[in-house]
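# Fold and geometry: a report
Here are the chains, one letter per residue:
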Amino acid sequence: MWIYLLKRIGLAAIIVVIAVSMLFTMIHMVPGDPLSVLLGPRATPELKAALAERMGLDKPFAVQLVTFFLNVLRGDLGIDVFSERSVAIIVFEQLPFTMVLIIFAITWSVALGIPLGCYSAIHRNSFLDKLTGIFSVGTIAVPSFVVAIYSLLIFAVALKWLPAIGAGKEGNLLSQLEHLVLPALAVGLGWVGYIARLVRASMLEVLGENHIRTARAFGLPERSIIYSYALRLAILPTVALLGVGIGNMLSGAVFAEIVFARPGIGKLIYDAVITRNYPVVMGSVIVTTVLFVICTTIADLVAAALDPRIRENL
Amino acid sequence: MPTEKRVPKLTAAPGFRTLFIPLFRDPLALIGLILVALIVFSAVLAPHIVPYDPNKLNVHYRLQAPSGDHLLGTDQLGRDVFSRTIMGSRIALKVALISISIASALGLLLGLLAGYGPKWLDNLLIVFFDTVRSFPTVMFALAVVTLLGPSLETVILIVIVTSIPVYARMVRTQAQSMKNNEFILAERAMGAGTPRILWFHMLPNVVGPLLIIASMDIPVVVTIEAGLSFLGLGVRPPTPSWGTILNDGYSFIRNTPWLVIAGGAPLILTTLGFTFLGEALRDIFDPKLRKVM
C-alpha cells in the first residue's frame, strides 16, 4: 500500500507539473507580445515594465518556466491587472462559494442516488426500477446548464418560490441556504442518476456473492443484509467515481454560478475571460486543476485502501 | 432470464434482423431512434423547412409569443425562433461530426501506439492522456477561448483535445489485451511487420467498440458547443445555435419564457435521443462495454 501511495502521489505531482507547463507554454505560443497577452489589452506601460522585469522575459524560455513554477509553489499566481491585487487572494476568496455549492450538490445526489440504486437492485424489473432507469439515463444526458436555466425559469421567475440570483445575505444562513437550492439542484441532478445506476449495478453483483447467501442462510433480516453487508461493498465504485465527479461538478458549477449570478470560481473565471484578464484566468485554471488532481488522487487512494486488487494496476 | 434472450449473438455481421428487431422491441431505443431521425432530418433539410430567413430582423414583432405565423415566437430582434432552432441543429451536428471523427482517428492512432508500441512510449502517452484529463473540461475550454478567441474552430479544437485521451485509453486497453493473443503471435512468427499487424489485425478488432463510444459522445459534444455558445464564447452571432438562442432567452427571461424553452428543448431532445439510441446500440453490439462506462 505504501508503495502504491508514493507512486500515485508521484504521478499526481508529475501531472500537475506538466499541466501547469502546458498552460504556460500555451500563453507563450500565442502570436504577439506576451506582455499584452498576459496582462490583457488594457495594461499600463508601467505594469508591463514591472511584469517584464519580474518574469525575466529577456531570459530563455526554460528559465522563465522555472521562475513561474517557483512563484506558483510560493503561492504567487501573479497580479490582477485591474484591481492590482494578488490573483491567489482573489481566487481563494471565491473558492469557498464554489466548494459549498459542490458539497451541497454531492450530498443531495448521494443521499437520493444511493437509496434509489438500492431500491432498484432489490426490486429488480419492478415498475419503479424501470422508472429509475429511465430517470437516470435522462438526467445524465440532459446538460446541467439547461437544467439550471429551466429551474430558474420555473421556480424563480414563474412560481417565485426561490430567489433567482446571488448567494444570499452575508451572515443570514437561511437566506444563503435559499440561494443554494436551485444551483445545487442543477449541479447535482445528473449525479443522482449516475450514482443510482452505479449503485444498482454493483449491488446486483454483490447480492449474488457467497457471503450474502450465508447471511441469508443464517436468517438475518433482509434489511440488515442489504444495508450493513451488501451496501458496504456495493458503494466502492461510487467512492472512486466521486473523485472524478468533483471535476465534472466544477464544470457544472461554472454554468450554475453564471446562470444564478452567484459568486464563485466559475463566475470569477468567466468574468476574467470576458475582460481578457489573463492572470486571473490562468490562476483560476491552475487552482481548479490542482484541486481536481488532488480529488482524483484521494479517490484512487481510498479505492486502493478498500480493494487491494487496484494497487497492482499502477 | 428474459432480458438476455433479446441480445443476439455476435457471430454474424449485424443485419436487419439482428439490429432492428431488438431496437423496435425496446421502447426507449425506439424513442431514441425517432428523435435522432428527426434531428438529422431537420439538419439535412433545414434550408427547405425553415419558414423565414433565420437572420432576418423584424423589429416590429419583437419577443412575440408562439402563433400560427411564428411557431415558437420571435426573439428580441424579431427573428423567427422556429427557423433559428431548426438551423441550430446544423451547427450542433456539424461540430459533433467533425470533432468526433478527428478525435477518434487521432485517439485510435495514439491508442494503438501506446498499446502495441514500446513500454516507454506507452508510459509517456499515458502521462500525457492523464494530464489532459486533469483539467476540468469547462475550465480548460475557457482558458483556450481566452487565448484563441471565440469561434466555431476553437470549439472543435477544444472537443478534439479533450476527447482524444478517452478514445486513446480505450484503444490502448484493447490493443494491450490483444498483443499477446495467439493469432497475433502467429502472425508475427510468420514474419508479418508491425504495420501489417496493426492495420489488418488490430484495427478491425478495436474499431467497433471505438465507434460505439464515439457515437455515445455526440450528446456530450453537442452540450459543450451549446454551453460555450450560451456563454457567448462559442459560435459567433448571428449564426443560430441552440446555445446562442438560450443566451438571448436568458437575457429576456423575465419578458418571455418562450426563447429559453425554444433553445433548451432541442438540446434536451437531442441529448436524450442520442443517449437512448447509443445505449441500446451498445447493448446490442457489445454488452461487455456496459462495464467500461
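Analysis parameters
Residues numbered from 1 in each chain as written. Chains lettered and ligands numbered in written order. Predicted model: local features only at pLDDT ≥ 70, side-chain atom pairs only at ≥ 80, totals over all residues. Helix = DSSP H or I, 4+ residues; strand = E, 2+ residues; numbered from the N terminus. Contact = placed C-beta atoms within 7 Å. Buried ≥ 20, exposed ≤ 12 C-beta atoms within 10 Å, placed from the backbone. Core = buried A, V, L, I, M, F, W, Y, C linked by C-beta atoms within 7 Å. Nonpolar A, V, L, I, M, F, W, Y, C, P; charged D, E, K, R; others polar. Expected span 1.5 Å × (residues − 1). Bend = angle between axes of the 7 residues up to and from the residue. Axes fitted to C-alpha atoms, helices over the stretch in contact; angles between N-to-C directions. Parallel < 35°, antiparallel > 145°, perpendicular 65-115°, else oblique. Left-handed = near helix turned anticlockwise from the far one by under 90°. pLDDT = per-residue confidence, 0-100.

### Some remarks on the overall build of chain A
- Along the backbone of chain A there are 13 helices and zero strands.
- Here the contacts in chain A between residues at least 6 apart in sequence split such that 72% fall between residues at least 24 apart.

### A few points about the overall build of chain B
- Scanning chain B from N- to C-terminus turns up 14 helices and zero strands.
- Ordered by position from the N terminus, the helices and strands of chain B form the series α-α-α-α-α-α-α-α-α-α-α-α-α-α.
- Structurally, chain B occupies a C-alpha span of about 80 × 50 × 30 Å along its principal axes.
- Taken over 293 residues, chain B has a buried fraction of 46%.
- For chain B, the proportion of contacts with a sequence separation of at least 24, taken over those separated by at least 6, is 67%.

### Some words on the nonpolar core
- Formed by 157 residues in total, the largest nonpolar core has its most connected members in A:Ala148, A:Ile269, A:Val281, B:Leu142 and B:Tyr167.
- Not counting residues within four places of it along the chain, the set of residues in contact with B:Leu142 comprises A:Ile269, A:Tyr270, A:Val273 and A:Val281.

### Some details on the interface of chain B and chain A
- Chain B puts 36 residues into the contact, and the matching count from chain A is 40 residues.
- Elements supplying a minimum of two residues to the side of chain B that touches chain A: α6 (119-133), α7 (137-148), α11 (218-230), α12 (242-251) and α13 (258-285) of chain B.
- Here the element with the most residues in the side of chain B that touches chain A is α13(B); it accounts for nine residues.
- For the side of chain B that touches chain A, the residue count by class is 24 nonpolar, nine polar and three charged.

### A short note on helix α8 (residues 152-179) of chain B
- With 28 residues, α8(B) should reach 40 Å at 1.5 Å per residue; the first-to-last C-alpha distance of 39 Å fits that figure.
- Along α8(B), the helix axis deviates most sharply at B:Ser163, where the bend reaches about 35 degrees; the proline B:Pro165 sits within four residues downstream.

### Digging into the packing of helix α6 (residues 127-141) of chain A against α13(B)
- Between α6(A) and α13(B), the least distance of the axes is 9 Å, while the angle of their chain directions is 125 degrees. It follows that α6(A) is oblique to α13(B) by the angle criterion. Considering the relative orientation of α6(A) and α13(B), their crossing is right-handed. On the side of α6(A), the interface is formed by A:Val137, A:Gly138 and A:Ala141, while α13(B) contributes B:Thr271, B:Leu272, B:Thr275, B:Phe276 and B:Glu279.
- Residues belonging to the contact of α6(A) with α13(B) are distributed by class as follows: four nonpolar, three polar and one charged.

### So, the environment of B:Tyr116
Residues and elements named next belong to chain B.
- Mapping Tyr 116 onto the fold places it in helix α5 (residues 81-116).
- Judged by C-beta crowding, with 20 C-beta atoms within 10 Å, Tyr 116 ranks as buried.
- With 163 residues separating them along the chain, Tyr 116 and Glu 279 place their C-alpha atoms 29 Å apart.
- In contact with Tyr 116, other than residues within four places in its own chain, are Ala 175, Lys 179, Leu 198 and Met 202.

### Observations concerning unusual backbone geometry
Residue and element names in this part refer to chain A.
- The phi dihedral of Asn 125 is positive, around 65 degrees, even though this residue is not glycine.
- Looking at where Asn 125 falls in the secondary structure, it is placed in the loop between α5 (87-122) and α6.
- Positive phi values are uncommon outside glycine, yet Ala 261 reaches one of about 45 degrees.
- The topology assignment puts Ala 261 in the loop between α11 (236-259) and α12 (265-274).
- What makes Ala 261 exposed here is the crowd of 12 C-beta atoms within 10 Å.

### Some details on the environment of B:Lys179
All names here are of chain B.
- Looking at where Lys 179 falls in the secondary structure, it is placed in helix α8.
- Considered as a pair, Lys 179 and Gly 115 are 64 residues apart in the sequence and their alpha carbons are 7.8 Å apart.
- If we skip the residues at most four places from it in the chain, Lys 179 touches Gly 115, Tyr 116 and Ile 184.

### Concerning the confidence of the model for chain B
- Taken residue by residue, chain B gives an average pLDDT of 82. The fraction at 70 or more is 91%.
- Taken together, the chains of this predicted complex give a pTM of 0.83 and an interface ipTM of 0.82.

### Digging into the environment of B:Ser89
Residue and element names in this part refer to chain B.
- With respect to the secondary-structure elements, Ser 89 resides in helix α5.
- Along the sequence, Ser 89 and Leu 203 sit 114 residues apart, while their C-alpha atoms lie 32 Å from each other.
- The contacts of Ser 89, once residues within four sequence positions are left out, are Ile 39, Ser 42, Ala 43, Ala 46 and Pro 266.

### What to know about the packing of helix α8 (residues 173-207) of chain A against helix α10 (residues 222-234) of chain A
Residue and element names in this part refer to chain A.
- Remark: α8 packs on α10, axes separated minimally by 8 Å, with the N-to-C direction vectors making an angle of 120 degrees. The angle between the axes of α8 and α10 places the two elements in the oblique class. Crossing angle aside, the handedness with which α8 passes α10 is right-handed. The residues of α10 that touch α8, namely those facing Val 199, Ser 202, Met 203, Val 206 and Leu 207, are Ala 230, Leu 233 and Ala 234.

### Considerations on helix α10 (residues 194-216) of chain B
Residue and element names in this part refer to chain B.
- If you check α10, its first and last C-alpha atoms are 31 Å apart, about what 23 residues at 1.5 Å a residue would give, namely 33 Å.
- At Leu 203, α10 is bent by approximately 50 degrees, the largest bend along its length, and proline Pro 204 sits one to four residues beyond.
- Every buried residue belonging to α10 is among Met 202, Val 206, Pro 209, Leu 210, Ile 212, Ile 213 and Ala 214, and all of these are buried.

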